[in-house]
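A look at the structure
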Amino acid sequence: MRWRLEEMQARHILAALAVVFLIAATARWARHAPRRIDAAVRTWLLIAFIFTTIAAWLQWHTS
């Protein structure tokens, strides 16, 4: 079975984007690890949380 872009569902795309935002937050925090978590890291984590929540909701309510 081949993956085609037209067949990708929104819940999978949002879950993948959540992982990307989580990686961005981790990378930003790793560069500034000795200091506290700054506003950029909190923003990336918030966006990752929102995308994860929506992807989970779509997974459970549209299956």
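Note: the structure precedes this text.
Let us look at the structure shown here. Please read all numbers here as calculations on a predicted model, not as lab measurements. Every chain's residues receive numbers from 1 upward, in the order its sequence appears when written. Confidence filtering applies because this is a predicted model: local features only for residues at pLDDT of at least 70, side-chain atom pairs given and counted only at 80 or more, and all residues used for totals across whole chains, interfaces and linings. Calculation of side-chain values draws on the structure's entire complement of heavy atoms; hydrogens and water are dropped beforehand.

Let us look at helix α1 (residues 10-31). Under the DSSP-based scheme used, a helix requires at least four consecutive residues in state H or I and a strand at least two consecutive residues in state E, with every element numbered from the N terminus. Expected helix span is given by 1.5 Å per residue-to-residue step, counting one fewer step than there are residues. With 22 residues, α1 should cover 32 Å at 1.5 Å per step; its first-to-last C-alpha distance of 32 Å lies within 8% of that length. Packed against the buried residues of α1 are α2 (39-61). For this analysis, residues touch if any pair of their heavy atoms sits within 4.5 Å.

A word on the packing of aromatic side chains. Two rings from Phe, Tyr or Trp (for Trp, the six-membered ring) form a pair when their centres are within 6.5 Å of each other. A pair whose planes differ by under 30 degrees is stacked, one over 60 is edge-to-face, and the rest are tilted. What the rule picks out here adds up to two aromatic pairs. Seen from their ring centres, phenylalanine 21 and tryptophan 44 are 5.5 Å apart, and the 20° between their planes marks the pair as stacked. Of this pair, phenylalanine 21 sits in helix α1 while tryptophan 44 sits in helix α2, placing them 23 residues apart in sequence. Relative accessible area decides the class of each residue, using a 1.4 Å probe on protein chains only: under 20% of the type maximum gives buried, over 50% gives exposed, and in between gives partly exposed. A relative accessible area of 32% places tryptophan 44 in the partly exposed class. The interplanar angle of 70° and the centroid separation of 5.2 Å between the aromatic rings of phenylalanine 21 and phenylalanine 51 together place this pair among those described as edge-to-face. Taken together, the positions of phenylalanine 21 in helix α1 and phenylalanine 51 in helix α2 put the pair 30 residues apart, joining distant regions of the chain.

To continue, consider the environment of arginine 42. With respect to the secondary-structure elements, arginine 42 resides in helix α2. For arginine 42, a relative accessible area of 47% puts it in the partly exposed group. Along the backbone, arginine 42 and tryptophan 29 are 13 residues apart, and their C-alpha atoms lie at a distance of 9.5 Å. Pairing of N or O atoms within 3.5 Å defines a polar contact, subject to two protein rules: one partner must be a possible hydrogen donor and the other a possible acceptor, and residues neighboring in sequence count only if both atoms are side-chain atoms. A distance of 2.9 Å separates the side chain of arginine 42 from the backbone oxygen of isoleucine 37, its partner in a polar contact.

Now for the pattern of salt bridges. The rule for a salt bridge is simple: a side-chain nitrogen of Lys or Arg has to be within 4 Å of a carboxyl oxygen of Asp or Glu. The final tally for this structure, using the stated rule, is one salt bridge. A salt bridge links aspartate 38 to arginine 28; its shortest N-O distance comes to 2.7 Å. Of the two residues, aspartate 38 sits in the loop between α1 and α2 while arginine 28 sits in helix α1, which places them 10 residues apart along the sequence. We classify arginine 28 as partly exposed; its relative accessible area is 26%.

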